[in-house]
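This is what each chain is made of:
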Amino acid sequence: MISKTIANLETYLGERGDAKTLILLSADGCHSCDEFKAHLESVESTFSTIQFVEVEVTIETKPLFGPPVLPSIVGFENSQRVLEGAGMPEDLTVANNLLQSWVDGAGFQYSAG
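The structure displayed is predicted, hence computed values, not measured ones. (Residues numbered from 1 in each chain as written. Predicted model: local features only at pLDDT ≥ 70, side-chain atom pairs only at ≥ 80, totals over all residues. Heavy atoms only, no water.)

Student: Can you lay out the overall build of the chain for me, pointing to particular residues and giving the numbers?
Tutor: Secondary structure assignment for the chain yields 3 helices and 6 strands. Helices and strands in the chain line up, N terminus first, as β-α-β-α-β-β-β-α-β. Contacts in the chain between residues far apart in sequence, at least 24 positions, make up 70% of those at least 6 positions apart. Surface exposure of the chain reaches about 6000 Å², of which carbon and sulfur atoms provide 48%. (Helix = DSSP H or I, 4+ residues; strand = E, 2+ residues; numbered from the N terminus. Contact = heavy atoms within 4.5 Å. Areas by Shrake-Rupley, 256 points an atom, 1.4 Å probe, with all protein chains shown as cover.)

What follows is the structure, encoded as structure tokens:
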């Protein structure tokens, strides 16, 4: 998983074109964010067609496209949001299933809240 700042995210997504890019929105000191990041890193090789990117946010830098809870994941293709997962699901296979559905050509969302 690579790290990007919110300031250079739009440019980065533009450079990625139609490639699948999963953004993990997290925050410093967020235990659930750290736990979700570790899970995503553990399955990253399974979803090799997706680039995993962590963006740490604060109240001041939280993007408009972001769900209202952290951690959250947002998938992009062609700089367009195509999937979203708000919060950390109790059963992390929910996130895996979401990613698999995306690889298979579908866009979905879940809400852990």
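There is more to say after this.
Student: So what's going on with the environment of threonine 49? Which residues, and what values?
Tutor: Tracing the chain through its elements places threonine 49 in the loop between helix H2 (31-43) and strand S3 (50-56). Between the C-alpha atoms of threonine 49 and alanine 19, which are 30 residues apart in sequence, the distance is 7.7 Å. Not counting residues up to four positions away in its chain, the partners in contact with threonine 49 are Lys20 and Val103.

Student: Which residues make up the state of the cysteines, and what values go with them?
Tutor: Tallied over the entire structure, the rule returns 1 disulfide. Through a disulfide, cysteine 30 is tied to cysteine 33; the S-S separation comes to 2.4 Å. A torsion of 75 degrees about the S-S bond marks the disulfide between cysteine 30 and cysteine 33 as right-handed. Residue classification places cysteine 30 among the buried residues on the basis of a relative accessible area of 17%. (Disulfide = S-S within 2.5 Å. Buried < 20%, exposed > 50% of the residue type's maximum accessible area, 1.4 Å probe, protein only.)

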